Structures are given as structure tokens and as C-alpha cells.
Amino acid sequence: MSDDELNAILAAPNNPLLTWNAPLSEEHARSLVDACPVPEGGKVLDLGCGWGELLLRMVEGAPGSSGDGVEKDPVAVERGRRLARERGLGSRVTFHESSADAWTRTGYDLAVCIGAVHAWPGSTREALRALRAAVKPGGHVLLADGFWAVPPTDAALTGLGAVEDELVGSLDDLVRAAADAGFAPLRTTVADQREWDVFESNGRAGWGERWALDHPDHPLHDAARVTAARHRAGYLGGYRGYLGFAYLVLGV
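A quick note: this is a predicted structure, and the numbers were derived from the prediction, not measured. Sequence positions are assigned chain by chain, starting from 1 and proceeding in written order. For this predicted model, a pLDDT threshold of at least 70 governs which residues receive local features, and a threshold of 80 or more governs which side-chain atom pairs are given and counted, while totals over whole chains, interfaces and linings are taken from all residues. Computation of side-chain values covers all heavy atoms of the structure but excludes hydrogens and water.

A. Quick peek at the overall build of the protein chain. Elements are defined by DSSP. Helices are runs of H or I of four residues or more, strands are runs of E of two residues or more, and each kind is numbered from the N terminus. Helix and strand counts for the protein chain come out as 10 helices and 7 strands. Scaling as 2.2 N^0.38, a compact globule of 252 residues should have a C-alpha radius of gyration of about 18 Å, and the protein chain matches this with 18 Å. The dimensions of the protein chain, computed from C-alpha atoms along their principal axes, are 55 × 45 × 30 Å. Taking all 252 residues of the protein chain together, 48% fall into the buried category. Restricting the contact set of the protein chain to residue pairs at least 6 apart, pairs at least 24 apart contribute 75%. Per-residue and other accessible areas follow the Shrake-Rupley method at a 1.4 Å probe size, with only the shown protein chains counted as cover for residues. About 11800 Å² of surface is accessible on the protein chain, with carbon and sulfur atoms providing 50% of the total. Separation between the mean location of the 24 positive side-chain charges and that of the 35 negative ones in the protein chain comes to 4 Å. Radius of gyration: over C-alpha atoms. The globule rule applied is 2.2 Å multiplied by the number of residues raised to the 0.38 power. Relative accessibility decides the category of a residue: with a 1.4 Å probe and only protein chains considered, values under 20% of the type maximum give buried, values over 50% give exposed, and everything between is partly exposed. Residue contacts are defined here by distance: any two heavy atoms, one from each residue, within 4.5 Å place the two residues in contact. Counted as positive: Lys and Arg. Counted as negative: Asp and Glu. His and the chain ends are not counted at all. Here the site of a charge means NZ on Lys, CZ on Arg, CG on Asp, or CD on Glu.

B. How the structure looks around the side chain of His 28. Tracing the backbone shows His 28 in helix α2 (residues 26-35). Judged by relative accessible area, His 28 falls into the buried class, the value being 10%.

C. The nonpolar core, seen in detail. Residue types Ala, Val, Leu, Ile, Met, Phe, Trp, Tyr and Cys, when buried and joined through side-chain atoms within 4.5 Å, form a set referred to as a nonpolar core. Grouped together as the largest cluster of nonpolar side chains are 41 residues, with contacts concentrated most on Ile 114, Leu 142, Trp 196, Phe 245 and Tyr 247. Element by element, the count of residues in this core is highest for helix α3 (residues 53-60), at 5 residues. When neighbours within four sequence positions are excluded, Leu 142 is seen to be in contact with Leu 32, Cys 36, Leu 54, Met 58, Leu 110, Ala 111, Val 112, Cys 113, Ile 114, Tyr 247, Leu 248 and Val 249. Judged by nonpolar contacts, the second largest core, of 27 residues, contains Ala 116, Ala 127, Phe 147 and Leu 250.

D. Broad picture of the packing of aromatic side chains. Any two of the Phe, Tyr and Trp rings considered here, Trp counted by its six-membered ring, make a pair once their centres fall within 6.5 Å; the pair's planes then place it as stacked at under 30 degrees, edge-to-face at over 60, or tilted in between. What the rule picks out here adds up to 6 aromatic pairs. Ring centres 5.3 Å apart and planes at 80° place the aromatic pair Phe 245 and Tyr 247 in the edge-to-face group. When its relative accessible area of 10% is taken as the criterion, Phe 245 is described as buried. Put simply, the rings of Trp 196, Phe 199, Tyr 235, Tyr 239, Phe 245 and Tyr 247 pair up and form one aromatic cluster. The criterion for a charge sitting over a ring is simple: Lys NZ or Arg CZ within 6 Å of the ring centre, and within 35 degrees of the ring normal. The positively charged end of Arg 79 is found above the aromatic ring belonging to Trp 51, 4.0 Å away from the centroid.

Now the structure itself:
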């Protein structure tokens, strides 16, 4: 059996432990929804939405609103469509199997991008320009992106599989980039250490171990444990405490 088969098993959209594919708690998520008002009958866009958990909650909380979720991963799109049907939102939230940087529709009241700025060639700044173009005057943007909480060590970079200049820099750099793109920064919050630990534990590290425990005789059992150990070491012995994740509510 191949690495592709293991990757498919452990992929985030197939992981029942993950509510969101980001370090985010229920309390933090509720505060973000409250901070991003959607008018009655409003339109919400989520670029790089994954399975769209936050999008679904935003539309659910705004009577008469509708949403577009844009995601290139077909497995995530199918999970999002299933969740929308289960919550009675199938006619209000539409999932589009498309790359975020290819989306050109405008006139939204709220545009969301959670950890998906890599979809744009110029990364964060290109994403900010695209989000601003999508939202009409008076609307809001919710952007979540990584930053270096402290200068990274070689171990942090190796654990993340990144180079230092792949992120915009510090938290201040990220907020300044949003202001330079023409936004009014209204609210900035960051994932705390518990949110990070829960997210990483429920990601490939924890999910790989749990899947292996449930499938002791599977041909990929050993490979799943090796993968889980690699991800666990990359986080605990690498970027834990170095990589931050910020949620910016921006006004247009």
C-alpha cells in the first residue's frame, strides 16, 4: 500500500477529531462570529474554506443570509456539503471546488480566509488584495494567518517544513500589512497555547496514533505510527511556541 493511501486516511477532511483545520476553540470561534456581523440577507464568502465549519456557523447565525465556500480539495468540499445538508443549510451555503485565487465574484458583506493565504502566489499581501476586492464598502474581512511569535530556530523551521521568509513576519507586520492594503484593523486575537496543543494533538499526530490503535492489523499500521511520531516531534521539538496564528477582523 502506498504513501498516497496513508495520506488520504490521515488527511484533515477525513479526520473526525478536527472541528476546524486551525488552532481554534469553541469560545474563540463564537467570539469571531460575533465580531463579524452579517446583515439579514447578507452574503458571506470563505476562500480556502476546507469543509467550511466557520462559514456554516456565520450563515446559520444570520437570518436570510447565504454563503459561498471555495475549496480545491474535493474531499473537504464533500464534507462541507454533507454538513450543510445535515444542518438544513444546503440551499443557503454553496461549496465550489475551485482554487481560492481563481475566485472573482464580488459584492460580499463578509469575506473569510483562515490559514489559506498560500493559495495566492504573493501570499498574505495578495490574499489581502483579493479579499478587499471581494467585499463591498461597509463590509468586513476575517483573515487568519501565521506569524513568528519569536524568531524561529532551525528546529522550528524544520518541524514546520518552512523557511523563515514564508510568513509575513511578526504579528505587528501582519496587522500593518492589512492596514497597508486599505483595511481598518478592528480586532486582533491570537490562538493561545491550549488551542495550539489541542489542534496539533487532534491533527496527524493524534489522529495517526488513534487510527493505528483502531487498525492493529492494517498494512499501514506501522507507517501511520511513524507519521504520527514525525508530526509530534516536529511540533513539540520544533515550532511549538515559535509559530503564532492570528485572527484579524478588518473593516472596509
